[in-house]
Amino acid sequence: MALFCATLLVTAMLLGSIPAAAQGWPAEPSEYVLGEGDVLSITVFGDGDLSITVPIGPDGQISVPLAGPIKAGGLTVVQLAEDIASALSTYVKNPSVTVNVAQYRKTRVVVLGQVVRPGAYELPGDAGALAAIAAAGGLTDMADVTGITLAFGSGEAVCVDYESALTDPAADISLQSGAVIYVPRAYRQVLVMGDVVRPGSYPAMGGAGRMTLLDAVAAAGGVRGDARTATVVWNGVRDGVAESAQASLGRLIDAPESDENIALEPGDVLLVSEGPEDYVSIVGEVARPGVYPLQQGAAILDVIAAAGGPTPRADMGRIRVYQGSDVQGASTFAVAPDRLLFEGDILANPKASAGQLIVVPSGAIKVHVTGSVVRPGPVDLMQSATLLDAVAAAGGLKPDADGQRAVLTRADGQDVSVSEIDIESFFAGSAQGAAPAAHDGDSIFIPEFTHQVLVMGAVAKPGAYRLQRGAKLLDAIAAAGGMAPGADAGAVVHSRRGSEPGSVILDAGALLRDASLDANVLLADGDALFIPEARQQAAIMGEVARPGVYPTGRGTTLMDLLAAAGGPTGKADLGRVKIYEGQGGRAADGRLSDIAGLSLAVADESLVYEGNIKANPQIVPGQVIVVPSSVIRVQVAGHVQRAGGYELKRGADVAQAITAAAR
């Protein structure tokens, strides 16, 4: 109990020293360092038009209205708020800026090897290697903590000092999306074979509690027959020298403290035999590996049949037969080139002899496919399979997969290499050459396609949107709910960062009428669209229901503006409508003019149209439309029945005026 309590106390102390990032918790908001993928909510007090939600792009920058591009990566929210306020101070008096993290970035990593749940995991953006291992359920009992490697998407691979990171947060390694953590297996096994209940591999304990010959036989369930008549053959390596020994299990039972009860080391092999018969051993891809009595005249095929036959994974063309040292009829399992007697196809079927070891190799390899595939996990393939076959065996790519940036992690002895391949081109048939061959133990990670576009301005739902591969400008506007009423479709601003930065003004209205136009460009990750509000106006006066100033857009006609003003009154003379040229509108290059006002000065030299409304000319922003009255007002006085003012049709004469006053 004292040992358990001490262990529990040490464990609690170690866990208490693990940093928040290593446990998967984000840092304090005021200390959190911003980076690519973080989505920020920026509020400018008192000015809703400048308050936006924006993601940090791959270059670490964000775009803020009026302030323009601002570096956000590497700063805290407090530092970024100060920089934005400084940039806005040119346009806004004493701006008050608040920055909050609306959505923390995610780091997607793959954890393979000796962890409880190997696979792909999403972690907070500032997480370290310890957090990834913890997310995968922690290390298994067979993990080699001294050989853990972390491979980045750039191809760089580093070792993880797991023991130091538990007590020193500075020893932990920060992660990046696409990183692969590999925890190798610690080979601490003892192989027990022969006439035992459960032949197999068993952990070899170290230290004062080392496993002995008797311990290993007991761990394998004991001898199937009479234990006192059984013998144990031990093979191992001590100080670089291969050694073997034989002991009577009966004597070991009577004297377990004797030197014959050898203390075992990792890699030792035991063969337990009930009697003095000749035996042959068979391992590998057979139904029941083990040690079998050798029948007189038996051939290799007979031994394979006795072991239950080959498995579907067996490579029957590469069977190997080794001759071990004969120790009273038992095999030592010493496998070395100088003991190789046969290598080839089973059809040759040579005779078996006592002490031989028959190895039936596997014709299959195992490849781990993770990420954006239909069925992530390990897949079994034949030796000649390619990486394309591995992805196909995992169900193929998902619709959101970025197969052009697949990450291949390959272990070659103690070295681990990481490379990026375009697996999608092999599926499409556009790749040059054959698909790369798959190796046993390969790991392929297929990332999700990250394609974010920022849509701002006069749309139904401004914000950042993730789009599928091949998305175009109209797709982004549709994802944002379409353009809002009053939007200026003819002045959409498309901004692009990266290798070809810049901005262009596009006519989205024309694209809505014909989406096949070249202006409906393919979007790239980090693109931004700004749809301005329409500020073009024209005035309408005279005999309309609601005289005033109304917005105009491209293609607005006289009848459109007349309808917007409530239509003509009963007195309107629609055959003598006049249009005068005002101020405002657009400059010659199509950009919005700096003149925001509208002049209502009506003079003969500014008259650009006079005639019937049926001609329906187009209206240019800044124009003034006058709808004249079809009646005139005259005063009749003197000796008439009802002196006063009267409205008459335009063109009436004096007699008609006197007649109107005489009624």
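Because the structure is a prediction, the values reported are computed rather than measured.

### Examining the overall build of the chain
- For the chain, the count of helices and strands is 13 helices and 37 strands.
- Looking at the 663 residues of the chain, the share that counts as buried comes to 43%.
- Sequence separation of at least 24 residues holds for 59% of the intrachain contacts in the chain that already meet a minimum separation of 6.
- Total accessible area computed for the chain in this model is approximately 33600 Å², and 54% of it derives from carbon and sulfur atoms.

### Some points on the environment of Glu 163
- With respect to the element layout, Glu 163 can be found in helix α4 (residues 162–167).
- Note: C-alpha distance between Glu 163 and Thr 146 (17 residues apart in sequence) is 8.2 Å.

### Here we look at the nonpolar core
- Formed by 28 residues in total, the largest nonpolar core has its most connected members in Leu 40, Ile 42, Ile 62, Leu 80, Ile 84, Val 97 and Val 99.
- Those elements that provide at least two residues to this core are β1 (39–44), β2 (52–55), β3 (61–64), α2 (77–88), β5 (97–103) and β26 (452–457).
- The greatest single-element share of this core, amounting to 6 residues, is contributed by α2.
- Among all residues touching Leu 40, those that are not within four sequence positions of it are Leu 34, Ile 52, Thr 53, Val 54, Ile 56, Ile 62, Ala 72, Leu 80, Val 99, Asn 100, Val 101 and Ala 102.

### Quick look at the sheet that holds strand β33 (residues 577–580)
- Read across the sheet, 5 strands follow the order β32-β31-β35-β33-β34 without closing on themselves; strand pairing throughout is mixed. The sheet terminates laterally at β32 (548–551) and β34 (607–611), the two strands that pair on one side only. Neighbour-to-neighbour, the strand axes of this sheet turn through a mean angle of 20°, independent of strand direction.
- The sheet contact formed by β33 and β34 spans 4 bridges and is antiparallel. Paired with Val 577 across the two strands is Gly 611, which belongs to β34.

### Remarks on the confidence of the model for the chain
- Across the chain, the average pLDDT comes to 81, with 88% of residues at or above 70.
- Contacts for the low-pLDDT stretch residues 1–25, under 50 throughout, to residues beyond four places or in other chains number 22 contacts.
- Of the regions scoring below 50 in pLDDT, residues 326–331 engages in 16 contacts with residues more than four places distant in sequence or in other chains.

### A word on the pattern of salt bridges
- In this structure the tally under the stated criterion is 16 salt bridges.
- Taking the shortest distance from any N to any O, the salt bridge between Asp 38 and Arg 105 comes out at 2.5 Å. A residue pair is termed long-range when its members are at least 10 positions apart, and Asp 38 in the loop between α1 (2–17) and β1 and Arg 105 in the loop between β5 and β6 (106–113) qualify at 67 residues. Each member of the pair Asp 38 and Arg 105 is classed as buried.
- Glu 122 is the partner of Arg 108 in a salt bridge, and the nearest nitrogen-oxygen pair spans 3.6 Å. One end of the pair, Arg 108, is in strand β6; the other, Glu 122, is in strand β7 (residues 119–124), with 14 residues separating them in the sequence.
- The class for Arg 108 is partly exposed, based on a relative accessible area of 21%.
- Owing to a relative accessible area of 46%, Glu 122 belongs among the partly exposed residues under this scheme.
- The network of salt bridges with common partners includes Glu 285, Arg 313, Lys 366 and Asp 380.

### Side note on α2
- Its 12 residues place the ends of α2 16 Å apart at the C-alpha level, agreeing with the 16 Å of an ideal helix rising 1.5 Å per residue.
- Where α2 is concerned, the buried positions are Val 77, Leu 80, Ala 81, Ile 84, Ala 85 and Leu 88. Along the long axis of α2, the arc covered by the buried residues comes to 135°, so they all point the same way.
- Those residues of α2 that are buried lie in contact with β1, β3, β4 (68–71) and β5.

### Observations concerning the environment of Ala 458
- Mapped onto the secondary structure, Ala 458 falls in the loop between β26 and β27 (463–466).
- In this structure, the C-alpha to C-alpha distance between Ala 458 and Pro 532, residues 74 residues apart in sequence, is 5.8 Å.
- Those residues in contact with Ala 458 that sit more than four places away from it in its chain are Met 483, Ala 484, Ala 487, Ile 531, Pro 532 and Glu 533.

### What to know about the sheet that holds strand β28 (residues 492–496)
- Reading across from one edge, β27-β26-β30-β28-β29 is the order of the 5 strands in this open sheet, with mixed pairing throughout. Unpaired on one side and paired on the other, β27 and β29 (502–506) mark the two borders of the sheet. The mean angle between the axes of side-by-side strands here comes to 20°, regardless of whether they run parallel or antiparallel.
- One ladder, built from 4 bridges, connects β26 with strand β30 (residues 528–531); its direction is parallel. Looking across to β30, one finds that Val 455 is bridged to Leu 529.

Thresholds, definitions, all that
- Residues numbered from 1 in each chain as written.
- Predicted model: local features only at pLDDT ≥ 70, side-chain atom pairs only at ≥ 80, totals over all residues.
- Heavy atoms only, no water.
- Helix = DSSP H or I, 4+ residues; strand = E, 2+ residues; numbered from the N terminus.
- Buried < 20%, exposed > 50% of the residue type's maximum accessible area, 1.4 Å probe, protein only.
- Contact = heavy atoms within 4.5 Å.
- Areas by Shrake-Rupley, 256 points an atom, 1.4 Å probe, with all protein chains shown as cover.
- Core = buried A, V, L, I, M, F, W, Y, C linked by side-chain atoms within 4.5 Å.
- Pairing = 2+ DSSP bridges.
- Axes fitted to C-alpha atoms, helices over the stretch in contact; angles between N-to-C directions.
- pLDDT = per-residue confidence, 0-100.
- Salt bridge = Lys/Arg side-chain N within 4 Å of Asp/Glu carboxyl O.
- Expected span 1.5 Å × (residues − 1).
- Arc of directions from axis to C-beta.

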